[in-house]
Amino acid sequence: MKLKKKESVKNFKTLFVFIVAAILILTITILFLTAYIFSVTELITLHFDEKLGGFVVLILAASSIIIGLTLSFTFGQIIMKPIAQVIEGMTFLAEGKYDVRINLGEHNALKELGDCFNKLAIELGNNEMFSAEFINNFSHELKTPLVSITGLISLMKKPNFPEAKRLEYLKIIEEEANRLSTITTNVLSLSKLEGQEIIKDKNKYNLSEQIRNCVLLLEKKWRKKKLSLSLDFDEYNIFANEDMLKQVWVNLLDNAIKFSYDKSNLIVDINRNDDCLVIRITNNGPTISDENKKLIFNKFYQVDKTHQVEGNGIGLSIVNKIVKLHNGKVEVESKEELTTFIVYIPKN
């Protein structure tokens, strides 16, 4: 988006030029007054031709003012140009026009300022896009189970409704209610984590045992897909918030199971790397593109746009936030239908 001159920016530039010019004129006036006073008091003797002396002084004064105004206007334009671009750019951002970009030249400081502004504009644009996408996705995720529950309950109200069907529908209603509970829990968890900067309630515990328990919690899901599990790792202890890290493993394992092919492998591995524990969760499933890998941890982002796989783009955001709060990091590798999420967590 090309920047257009704003009236406020023009006025600001004009004001700047006139201020510089006024200071310059004032300085010249003071200098001439000082010279005149010194001349009158004979502290300094000025030697001019009696006929041309006054004219020469007038020419010098006029020349100084013209040159001063020209220089002040020129330098004012140069100095104000990057400031004006930033002001114009911020104005467009405030109006929600996130496609605006600025170029402040190749000077190190100005180039860094321009790059920071453009990065800010990109991030704001992405957040706007993700927020709009989240509203669509979230409304879809809420509407689907609600419609299903409402429809099934209406059917069950019919007289002489078969008992077998009633039990079948009740099971579906329970599943849809659990789905709604998961969605709302994730949204509340993310909202809480967004305002958190430090971790409290840390304790030392067995990380290996925790991950095995998380796998058992999801047994119904991985058995339904007939996945072969590999949990071949030693016992590792860690000093962290146990409840928060449990959310990490449940979200990552659930994500890996959702995108796994039926009758494929799910591998969990733990190793020690210097002062960190490295946890790898690997599944056989669709390859994640390089573009999606860059965005996958962003809030509200979903790789699957068809809604064929349950999800609302919140789980991995929660994972990323919790890991960062523990001064760790999470990465993803994906190629040849093999995807691995790697979590680095300091031991202490």
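Residues numbered from 1 in each chain as written. Predicted model: local features only at pLDDT ≥ 70, side-chain atom pairs only at ≥ 80, totals over all residues. Heavy atoms only, no water.

As for its placement among the helices and strands, N251 is situated in helix α7 (residues 242-258). Excluding residues within four positions of it along the chain, N251 makes contact with N186, G315, I318 and V319. (Helix = DSSP H or I, 4+ residues; strand = E, 2+ residues; numbered from the N terminus. Contact = heavy atoms within 4.5 Å.)

Turning next to helix α5 (residues 207-217). Those residues of α5 not exposed but buried are L207, S208, Q210, I211, C214 and V215. Seen along its axis, α5 keeps its buried residues to an arc of 160°; they face one direction. Turned more than 90 degrees away from the buried face of α5 sit L216 and L217, all of them exposed. (Buried < 20%, exposed > 50% of the residue type's maximum accessible area, 1.4 Å probe, protein only. Arc of directions from axis to C-beta.)

Let's shift gears to unusual backbone geometry. Phi is positive for D274, which is not a glycine, with a value near 55°. Examined against the element boundaries, D274 turns out to sit in the loop between β4 (265-273) and β5 (276-284). What makes D274 exposed here is its relative accessible area of 68%. Even without being glycine, N327 reaches a positive phi, approximately 60°.

Let us look at the nonpolar core. Across soluble globular proteins, you tend to see nonpolar side chains buried next to one another. The biggest cluster of nonpolar side chains holds 44 residues, and the ones touching the most others in it are L245, W249, L252 and I279. Top element by residues in this core is α7. It accounts for 8 residues. (Core = buried A, V, L, I, M, F, W, Y, C linked by side-chain atoms within 4.5 Å.)

Attention shifts here to the confidence of the model for the protein chain. With 67% of its residues at a pLDDT of 70 or more, the protein chain shows a mean pLDDT of 77. Residue range residues 48-53 is modelled with pLDDT below 50. Its contacts to residues more than four positions away, or to other chains, number 3 contacts. (pLDDT = per-residue confidence, 0-100.)

Only one face of strand β3 (residues 237-240) is covered, namely the face carrying I238 and A240; the face carrying N237 and F239 is uncovered. Across 4 bridges, strand β1 (residues 203-206) lies against β3 in antiparallel orientation. Pairing of Y205 across the sheet is with I238, part of β3. (Pairing = 2+ DSSP bridges.)

With their axes 9 Å apart at the nearest point, α5 and α7 run at an angle of 50° to one another. The angle between α5 and α7 falls in the class oblique. Note on packing geometry: the crossing formed by α5 with α7 is right-handed. Between α5, through L207, Q210, I211, C214, V215 and L217, and α7, the contact on the second element is made entirely by E242, L245, K246, W249, V250 and L253. (Axes fitted to C-alpha atoms, helices over the stretch in contact; angles between N-to-C directions. Parallel < 35°, antiparallel > 145°, perpendicular 65-115°, else oblique. Left-handed = near helix turned anticlockwise from the far one by under 90°.)

In this model α7 runs 24 Å from its N-terminal to its C-terminal C-alpha over 17 residues, within 8% of the 24 Å that 1.5 Å per residue would give. Here α7 starts with a cap whose side-chain oxygen sits 3.2 Å from the backbone nitrogen of D243, and that cap is N241. (Expected span 1.5 Å × (residues − 1). Polar contact = N/O pair within 3.5 Å; in protein donor to acceptor, adjacent residues only side chain to side chain.)

Moving on: the packing of aromatic side chains. Going through the model one piece at a time under the given rule, you end up with 2 aromatic pairs. Aromatic pair F161 and Y169: ring centres 5.5 Å apart, planes at 45°, arrangement tilted. We classify Y169 as buried; its relative accessible area is 15%. Taken together, a centroid distance of 6.1 Å and an interplanar angle of 85° make the contact between F297 and F341 edge-to-face. Placement of the pair is F297 in the loop between α8 (290-295) and α9 (315-325) and F341 in strand β7 (residues 338-346), with a sequence separation of 44 residues. Both residues of the pair, F297 and F341, count as buried. Taking NZ or CZ as reference, K329 lies 5.1 Å from the ring centre of Y344, over its face. (Phe/Tyr/Trp six-rings, centres within 6.5 Å; stacked < 30°, edge-to-face > 60°. Lys NZ or Arg CZ within 6 Å of the ring centre and 35° of its normal.)

Let's shift gears to the sheet that holds strand β2 (residues 228-230). If you walk across this open sheet you meet the 5 strands as β2-β4-β5-β7-β6, and the pairing is mixed. In this open sheet, the two strands that pair with only one neighbour each are β2 and β6 (329-335). With direction set aside, neighbouring strand axes in the sheet form an average angle of 15°.

Bringing the pattern of salt bridges into the picture now. One pass over the structure, following the stated rule, counts 8 salt bridges. Between E163 and R166 there is a salt bridge, with its nearest N and O atoms 2.5 Å apart. You can see E163 and its partner R166 sitting in helix α4 (residues 163-194), 3 residues apart, about one turn around the helix. In this structure, K293 and D290 form a salt bridge, with 3.2 Å as the shortest nitrogen-oxygen distance. Placement of the pair is K293 and D290 together in helix α8, with a separation of 3 residues, close to one helical turn. D290 sits in the exposed class, given a relative accessible area of 53%. (Salt bridge = Lys/Arg side-chain N within 4 Å of Asp/Glu carboxyl O.)

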